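Okay, here's what each chain looks like letter by letter:
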Amino acid sequence: MQEVIIATKNAGKAKEFENMFQPLGYKVKTLLDFPELHDVEETGNTFEENAILKAETISRALNKMVIADDSGLAIDALNGRPGIFSARYAGEEKNDEANMDKALGELQNVDDHERQARFYCALAVAAPGQETFTVTGTCEGMILREKRGAFGFGYDPVFYVIEKDKAMAELNPEEKAQISHRAHALRKLESQLPILFSEGK
Ligand SMILES: O=c1nc[nH]c2c1ncn2[C@H]1C[C@H](O)[C@@H](COP(=O)(O)OP(=O)(O)OP(=O)(O)O)O1
Ligand SMILES: [Mg+2]
């Protein structure tokens, strides 16, 4: 089975990529399989820039084709925050519960109909001697007033998916893989995978 390397240390993302790539016939490896590699500093100003930074750094270190995911939540009433700072919104230790609590607190006085938000995902593909490229996906929703559900990771318990009338964390992995920002981005990449691999990356 072909192996795809995803430059992430996030176990929630890793699981989703495994589930999404398996039916396509690819086995997923992540940075959790390469503990010797350091975290890449996310110094970019956009999801795309940070995805490129992660993909290119790890591709160079392994001399292989690597895909990286930079993603996050943009809340309209907070002028797009936490955005690219989603993982560290409540502090450097990247605590999902604290991140959600911070966002919920800031939205306490925001009306139900003004709680629009969307998840963004940028995927970058970097390979030795090739031009890096990105694809993106989004998922529209609203921020709930309290956490709901136990599936998923990150901000899923506070993100209401309109088309499903459920919190993202109430969707099982198969349901989330139909509608998520990550799934939408990956769909744009899917058809190119055989070509990328046949080019010997
Ligand atoms: O489907 C999602 N459902 C809920 N929350 C999500 C999702 N997708 C991204 N998120 C949140 C989690 C984290 O707060 C931030 C990603 O930050 P981001 O830097 O891309 O990932 P990370 O630092 O956890 O791992 P890594 O950089 O090693 O891939 O957005
Ligand atoms: Mg990160």
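Cut-off values and rules
- Residues numbered from 1 in each chain as written.
- Chains lettered and ligands numbered in written order.
- Predicted model: local features only at pLDDT ≥ 70, side-chain atom pairs only at ≥ 80, totals over all residues.
- UniProt positions renumbered as here; feature names shortened; annotations may be inferred.
- pLDDT = per-residue confidence, 0-100.
- Helix = DSSP H or I, 4+ residues; strand = E, 2+ residues; numbered from the N terminus.
- Expected span 1.5 Å × (residues − 1).
- Buried ≥ 20, exposed ≤ 12 C-beta atoms within 10 Å, placed from the backbone.
- Contact = placed C-beta atoms within 7 Å.
- Pairing = 2+ DSSP bridges.
- Axes fitted to C-alpha atoms, helices over the stretch in contact; angles between N-to-C directions.

The protein is annotated in an unreviewed UniProt entry as dITP/XTP pyrophosphatase from Cytobacillus citreus. Database annotation for the protein, UniProt heading Sequence similarities (unreviewed entry): "Belongs to the HAM1 NTPase family." On record in UniProt, under Subunit (unreviewed entry), the comment for the protein is "Homodimer."

A. Region of the structure containing the confidence of the model for the protein. Mean pLDDT over the protein stands at 95; residues scoring 70 or higher make up 99%. What the predictor reports for the complex is a pTM of 0.96 with an ipTM of 0.99.

B. Representation of helix 2 (residues 47–62) within the structure. Between the first and last C-alpha of helix 2 there are 23 Å, a value that for 16 residues agrees with the 22 Å anticipated at 1.5 Å per step. If you check which residues of helix 2 are buried, you get Phe 47, Asn 50, Ala 51, Ile 52, Leu 53, Lys 54, Ala 55, Ile 58 and Ser 59. Looking at the buried side of helix 2, the elements it contacts are strand 3 (66–75), strand 4 (116–126) and strand 5 (133–143). Of the residues flanking the end of helix 2, it is Asn 63, one or two places downstream, whose phi is positive at about 55°.

C. Representation of the pairing of strand 3 within the structure. Within strand 3, nine of the ten residues are buried, which leaves it mostly tucked inside the rest of the structure. Pairing geometry for strand 3 and strand 4, over ten bridges, is antiparallel. Counted as the bridge partner of Leu 73 is Phe 119 from strand 4.

D. Fine view of the sheet that holds strand 2 (residues 26–30). Read from one edge to the other, the open sheet built from seven strands follows the order 2-1-3-4-5-6-7, with strand pairing classed as mixed. The two strands at the open ends of the sheet, each matched to only one other strand, are strand 2 and strand 7 (166–167). Looking at chain direction, strand 1 (residues 2–6) and strand 3 are connected through two bridges and run parallel. Bridging across to strand 3, Ile 5 finds its partner in Val 66. In the packing of helix 1 (residues 11–21) onto the sheet, contacts are made with strand 1, strand 2 and strand 3, and the angle to strand 2 comes to roughly 165°. Sheet contacts for helix 2: strand 1, strand 3, strand 4 and strand 5; angle to strand 3, the most-contacted strand, approximately 160°.

E. Structural detail: the environment of Lys 27. Looking at the element boundaries, Lys 27 is found in strand 2. For Lys 27, a count of 11 C-beta atoms within 10 Å puts it in the exposed group. Along the sequence, Lys 27 and Gly 12 sit 15 residues apart, while their C-alpha atoms lie 16 Å from each other. Ignoring anything within four residues of it in the chain, the contact list for Lys 27 reads Met 1 and Glu 3.

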